[in-house]
Amino acid sequence: MAQHGRIRDLFDEVEKAPPDKVEDAFDRLTRMLCVHETAEEEIVHPYARRKLDNGQGVVADRLQEENRAKRLLVELHDDGVDHPRFWDRLAELRTAVTAHARSEERYEFVKLRAHTSMAERRAMAAAVRAAEALAPVRPHPGTESVARNVLMGTPLALMDRARDMIGKALGRR
Ligand SMILES: [Fe+2]
Ligand SMILES: [Fe+2]
């Protein structure tokens with residue numbers, strides 16, 4: 001849920017960035033979204049599927065929303081921040097991501113909290129934090145272009161790396 005707040009702030013940062021900083025801000029948003037959705041898919045949704053009443057259905061609905069947001073994100077990334085429709089599609093992405101986060105909180109996270117132990121939630125949080133290393137909260141001055149080369153790639157490559165880091169943190173790989 002804290003990451004949902006971070007994502008909201010990062011959308012604000014992109015929207016308010018001066019023209020020469022839009023790309024950096026959009027990169028940070030992209031990293032956070034990739035890490036967040038991957039962490040949910042690898043850690044949170046599998047738990048919800050098993051633990052909640054109608055967990056399969058709840059998660060299937062969330063995955064549909066996530067896939068739509070991912071498609072939009074990949075398009076935005078491929079076309080770049082100078083594309084004439086960048087701002088329209090960013091607004092569309094924001095609307096989709098916001099509605100999705102609200103549904104997760106309402107239909108999934110609240111129930112998950114009631115159906116898991118503190119120890120289970122701590123283990124999930126540790127794996128989420130391992131993936132967060134890919135999404136630094138603030139860029140360090142001067143390292144942003146290096147960070148982009150090392151971490152950016154495409155959103156799909158980034159999601160792959162996040163999946164890998166989470167797998168390691170969970171002892172699966
Ligand atoms: Fe999600
Ligand atoms: Fe989420």
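The structure displayed is predicted, hence computed values, not measured ones.

Enquirer: How do you make sense of the side chain of His100 when you look at a structure like this?
Expert: Note that His100 resides in helix α4 (residues 86–115). On the basis of relative accessibility, which here comes to 2%, the residue His100 falls in the buried class. If we skip the residues at most four places from it in the chain, His100 touches Glu37, Glu40, Arg62, Glu65 and Glu66.

Enquirer: Please clarify how the coordination of the iron ion (ligand 1) should be interpreted in this entry.
Expert: Reference geometry at the metal: tetrahedral coordination by four donors gives ideal angles of 109.5 degrees; octahedral coordination by six donors gives 90 or 180 degrees. Ligation of the iron ion (ligand 1) by protein atoms is provided by Glu37 (OE), Glu40 (OE), Glu66 (OE), His100 (NE2) and Glu104 (OE), these donors lying 1.9 to 2.3 Å from the ion. In primary-sequence terms, the residues that donate to the iron ion (ligand 1) follow E-x2-E-x25-E-x33-H-x3-E. Between the iron ion (ligand 1) and the iron ion (ligand 2), both coordinated by Glu40, there is a metal-metal distance of 3.3 Å. A residue pair is termed long-range when its members are at least 10 positions apart, and Glu40 in helix α2 (residues 22–51) and Glu104 in helix α4 qualify at 64 residues. Each member of the pair, Glu40 together with Glu104, is buried.

Enquirer: Looking at this structure, how should I read the coordination of the iron ion (ligand 2)?
Expert: Protein coordination at the iron ion (ligand 2) comes from His4 (NE2), His36 (NE2), Glu40 (OE) and Glu104 (OE), with a distance range of 2.0 to 2.1 Å. Coordination geometry of the iron ion (ligand 2): the 4 donor atoms subtend angles of 81 to 171° at the metal centre, consistent with an arrangement described as irregular. As a motif over one chain, the donors of the iron ion (ligand 2) read H-x31-H-x3-E-x63-E.

Enquirer: Before we go on, may I ask you to explain the packing of helix α3 (residues 55–79) against helix α7 (residues 155–169) in this structure?
Expert: For any two helices packed against each other, one specifies the crossing angle of their axes together with the interaxial distance. In contact at an axis separation of 9 Å, α3 and α7 are set at 125° when each is read in the N-to-C sense. Of the possible angle classes, the one that applies to α3 and α7 is oblique. Taking contact as the criterion, the partners of Lys70, Leu73, Val74 and His77 in α3 are, on α7, Pro155, Leu156 and Met159. In terms of residue class, the contact of α3 with α7 is made up of 5 nonpolar, 1 polar and 1 charged.

Enquirer: Explanation requested: helix α5 (residues 118–132) in the structure shown.
Expert: Every α-helical turn comprises 3.6 residues, leaving residues that sit three or four positions apart pointing alike. Along its 15 residues, α5 runs 21 Å from first to last C-alpha, staying within 8% of the 21 Å computed at 1.5 Å per residue. Every buried residue belonging to α5 is among Met124, Ala127, Val128 and Ala131, and all of these are buried. Buried residues of α5 fall within an arc of 100° about the axis and therefore sit on the same side. Exposed residues lying more than 90 degrees from the buried face of α5 are Ala119, Arg122 and Arg129. The inward-facing, buried residues of α5 contact α1 (2–16), α2 and α7.

Enquirer: When you look at the environment of Gly55 in this model, what are you seeing that I'm missing?
Expert: Looking at the element boundaries, Gly55 is found in helix α3. When residues no more than four places from it in sequence are discounted, the contact partners of Gly55 are Ala48 and Arg49.

Enquirer: Got a minute to help me understand the packing of aromatic side chains in this structure?
Expert: Each aromatic ring pair is characterised by the separation of its centres together with the angle its planes make. Under the criterion given, the structure shown has 2 aromatic pairs. Judged by centre distance (5.3 Å) and plane angle (85°), the rings of Phe26 and Phe86 are edge-to-face. Note that Phe26 is positioned in helix α2 and Phe86 in helix α4, a separation of 60 residues in sequence. When sorted by exposure, Phe26 lands in the same class as Phe86, which is buried. Grouping aromatic residues by their ring pairs yields a cluster made of Phe26, Phe86 and Trp87. Above the ring of Tyr47, the side-chain terminus of Arg50 is found at 5.1 Å from the ring centroid.

What counts and what doesn't
- Residues numbered from 1 in each chain as written.
- Chains lettered and ligands numbered in written order.
- Predicted model: local features only at pLDDT ≥ 70, side-chain atom pairs only at ≥ 80, totals over all residues.
- Heavy atoms only, no water.
- Helix = DSSP H or I, 4+ residues; strand = E, 2+ residues; numbered from the N terminus.
- Buried < 20%, exposed > 50% of the residue type's maximum accessible area, 1.4 Å probe, protein only.
- Contact = heavy atoms within 4.5 Å.
- Donors = N, O, S within 2.8 Å, 3.2 Å for Na, K, Ca; no water.
- Tetrahedral: all angles 85-135°; square planar, octahedral: opposite > 155°, others 65-115°.
- Axes fitted to C-alpha atoms, helices over the stretch in contact; angles between N-to-C directions.
- Parallel < 35°, antiparallel > 145°, perpendicular 65-115°, else oblique.
- Nonpolar A, V, L, I, M, F, W, Y, C, P; charged D, E, K, R; others polar.
- Expected span 1.5 Å × (residues − 1).
- Arc of directions from axis to C-beta.
- Phe/Tyr/Trp six-rings, centres within 6.5 Å; stacked < 30°, edge-to-face > 60°.
- Lys NZ or Arg CZ within 6 Å of the ring centre and 35° of its normal.

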